Amino acid sequence: AQTVTQSQPEMSVQEAETVTLSCTYDTSESDYYLFWYKQPPSRQMILVIRQEAYKQQNATENRFSVNFQKAAKSFSLKISDSQLGDAAMYFCAYRVLDTGRRALTFGSGTRLQVQP
Amino acid sequence: EPEVTQTPSHQVTQMGQEVILRCVPISNHLYFYWYRQILGQKVEFLVSFYNNEISEKSEIFDDQFSVERPDGSNFTLKIRSTKLEDSAMYFCASSEGRGRGYYEQYFGPGTRLTVT
């Protein structure tokens, strides 16, 4: 079975600074996706960034980038130039590549606070 | 921008009662999902639904649970005889696509179910 672990229940960052959220996972699959989802208070979860395991290049979306280390089964999220609107719960998630198996496996989440 | 909606936002029910949680997926989406999050725990996959049948389900999704798409817009989760341990936030999600490739899951805001 796949597991996703987020070891940082809470993180804090100053506005305009950079913060890195950690995620590790365990799987026996070779082809899979990894995701970071953001859940603002009382709002729905939205996808921040996606990484395909077969791609060596780390994904980037504007101020958000990942450090994907496949051998180490590590998938961290870096938020640059943090903004007040980045304050949210962040979930790391995993899914196999098989289109018939679309279930997401989530980590326990990291609550990010952004200090003005 | 189209969104997944869920009703009610909060449902309180007594142990042993049946409860139906409702979701309106994004209109052109073909896959529908339910996840739940017990307070303080991980978001867990329950079930996915495609072409009017269950595509995938987890061990949590036992005979007490059922899903249905009663019309062209709603997607429901029924819990036949609620238990205290069913108290959780229930998230609906939907995605496009039935072929190969990646299709993002869009999440609703959740229904908080409290079983007393």
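The structure presented is a predicted model; accordingly, all values stated were derived computationally and were not measured.

### Re the overall build of chain A
Part 1: A tally of regular secondary structure across chain A gives zero helices and 12 strands.
Part 2: Counting from the amino terminus, chain A carries its helices and strands in the arrangement β-β-β-β-β-β-β-β-β-β-β-β.
Part 3: Taken over C-alpha atoms, the radius of gyration comes to 14 Å for chain A, in line with the 13 Å a tight globule of 116 residues would show.
Part 4: Dimensions of chain A along its principal axes, counting C-alpha atoms only, are 45 × 30 × 20 Å.
Part 5: Within chain A, buried positions represent 48% of all 116 residues.
Part 6: For chain A, the proportion of contacts with a sequence separation of at least 24, taken over those separated by at least 6, is 56%.
Part 7: Surface exposure of chain A reaches about 5,500 Å², of which carbon and sulfur atoms provide 42%.
Part 8: For chain A, the distance from the average site of its 12 positive side-chain charges to the average site of its 11 negative ones is 5 Å.

### A word on the interface of chain A and chain B
Part 1: Each partner contributes to the interface: chain A provides 20 residues, whereas chain B provides 26 residues.
Part 2: Between chain A and chain B, the buried area comes to about 2,000 Å², and carbon and sulfur atoms account for 52% of it.
Part 3: Applying the counting criterion to the chain A and chain B interface returns zero salt bridges.
Part 4: Taken together, the links from chain A to chain B amount to six residue pairs in polar contact (both at pLDDT 80 or more).
Part 5: The element that contributes the greatest number of residues to the side of chain A that touches chain B is strand β5 (residues 32-39) of chain A, accounting for four residues.

### Here we look at the state of the cysteines
All names here are of chain A.
Part 1: Tallied over the full model, the rule gives two disulfides over all chains.
Part 2: The disulfide bridge from Cys23 ends at Cys92, spanning 2.0 Å between sulfur atoms. Measuring the twist about the S-S bond at about -70 degrees, one finds the Cys23-Cys92 disulfide to be left-handed. One end of the pair, Cys23, is in the loop between β3 (19-21) and β4 (24-26); the other, Cys92, is in strand β10 (residues 88-96), with 69 residues separating them in the sequence.

The rules we used
Residues numbered from 1 in each chain as written. Chains lettered and ligands numbered in written order. Predicted model: local features only at pLDDT ≥ 70, side-chain atom pairs only at ≥ 80, totals over all residues. Heavy atoms only, no water. Helix = DSSP H or I, 4+ residues; strand = E, 2+ residues; numbered from the N terminus. Rg over C-alpha atoms; globule rule 2.2 N^0.38 Å. Buried < 20%, exposed > 50% of the residue type's maximum accessible area, 1.4 Å probe, protein only. Contact = heavy atoms within 4.5 Å. Areas by Shrake-Rupley, 256 points an atom, 1.4 Å probe, with all protein chains shown as cover. Lys, Arg positive; Asp, Glu negative; His and termini not counted. Charge placed at Lys NZ, Arg CZ, Asp CG, Glu CD. Buried area = accessible area lost by both parts, 1.4 Å probe. Salt bridge = Lys/Arg side-chain N within 4 Å of Asp/Glu carboxyl O. Polar contact = N/O pair within 3.5 Å; in protein donor to acceptor, adjacent residues only side chain to side chain. Disulfide = S-S within 2.5 Å.

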